[in-house]
Amino acid sequence: LISDAVHMLFDCGALVLGLYGSLMSTWRPNSVYTYGYGRYEVLCGFANGVLLLIIASFVFLESLFRLFEPPDIVSDRLLTVSVCGLLVNMIGVVVFSDVGHAHGGAPCPMHKPK
C-alpha cells in the first residue's frame with residue numbers, strides 16, 4: 001500500500017508539473033520574457049522525463065533485489081486495493097475517452113476524417 005501511495009504521489013506530481021507548464025506557456029510575453037513563457041512547458045516536460053528515469057532506475061534495482069531475495073507477501077488488502085485502483089482507472093478511461101487533442105490547428109494525421 002505504501003508503494004502504491006508513493007506511486008500515486010509521483011503520478012499526481014507529474015500531472016501537476018505538466019499542467020503548470022501548459023498553463024505558463026499560455027502567458028503573454030512581457031518586458032522580462034519577450035519570447036513568452038513557452039519554454040517552461042519544455043522544461044517541465046524535461047523535468048518529468050528526468051524524474052521518470054530516476055524512478056525507473058530505482059524500480060529496476062529493487063526488482064533485482066527482490067528477484068534474488070523474494071519477500072513474503074501478505075495479500076489481505078492487496079486484492080481489494082488493486083481492484084479499486086483498476087475501477088478508478090476504468091472510470092478515468094470512460095470520462096476522458098471523448099477528450100480530443102490538438103496539433104496547433106492542423107488536423108491530426110492519425111485521425112483522418114471519413
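It should be noted that the structure appears before, not after, this text.
The paragraphs below set out a description of the structure included in this document. Computed from a predicted model, the values in this text were never measured in an experiment.

Conventions adopted
Residues numbered from 1 in each chain as written. Predicted model: local features only at pLDDT ≥ 70, side-chain atom pairs only at ≥ 80, totals over all residues. Heavy atoms only, no water. Phe/Tyr/Trp six-rings, centres within 6.5 Å; stacked < 30°, edge-to-face > 60°. Helix = DSSP H or I, 4+ residues; strand = E, 2+ residues; numbered from the N terminus. Axes fitted to C-alpha atoms, helices over the stretch in contact; angles between N-to-C directions. Parallel < 35°, antiparallel > 145°, perpendicular 65-115°, else oblique. Left-handed = near helix turned anticlockwise from the far one by under 90°. Contact = heavy atoms within 4.5 Å. Nonpolar A, V, L, I, M, F, W, Y, C, P; charged D, E, K, R; others polar. Patch = residues over 30% accessible without salt bridge, like charges linked within 9 Å, V, L, I, M, F, W, Y side chains within 5 Å. Areas by Shrake-Rupley, 256 points an atom, 1.4 Å probe, with all protein chains shown as cover. Salt bridge = Lys/Arg side-chain N within 4 Å of Asp/Glu carboxyl O. Buried < 20%, exposed > 50% of the residue type's maximum accessible area, 1.4 Å probe, protein only.

Section: the packing of aromatic side chains
The geometry of an aromatic ring pair comes down to the distance between the two centres and the angle between the two planes. Counted according to the given criterion, the structure contains two aromatic pairs. Taking 5.3 Å as the distance between ring centres and 80° as the angle between the ring planes, the aromatic pair formed by tryptophan 27 and tyrosine 37 counts as edge-to-face. Of this pair, tryptophan 27 sits in the loop between α1 (2-25) and α2 (38-68) while tyrosine 37 sits in the loop between α1 and α2, and the two are ten residues apart along the sequence. In this structure an aromatic cluster arises from ring pairing among Trp27, Tyr37 and Tyr40.

Digging into the packing of α1 against α2
The N-to-C vectors of α1 and α2 enclose an angle of 165°; their axes lie 6 Å apart at closest approach. On the basis of the axis angle, α1 is roughly antiparallel to α2. Every pair of crossing elements has a handedness; the one defined by α1 and α2 is left-handed. Touching Phe10, Ala14, Leu17, Gly18, Gly21, Ser22, Met24 and Ser25 of α1 are Gly38, Tyr40, Glu41, Cys44, Ala47, Asn48 and Ile55, all from α2. Grouping the amino acids of the contact of α1 with α2 by side-chain chemistry returns eight nonpolar, six polar and one charged.

What about a nonpolar patch on the surface?
Judged by side-chain polarity, Phe46, Val50, Leu51, Ile54, Phe58, Phe60, Leu61, Leu64, Phe65, Leu67 and Phe68 come together as a nonpolar surface patch covering roughly 1,200 Å² of accessible area. With respect to the helices and strands, leucine 51 occurs in helix α2. Owing to a relative accessible area of 40%, leucine 51 belongs among the partly exposed residues under this scheme.

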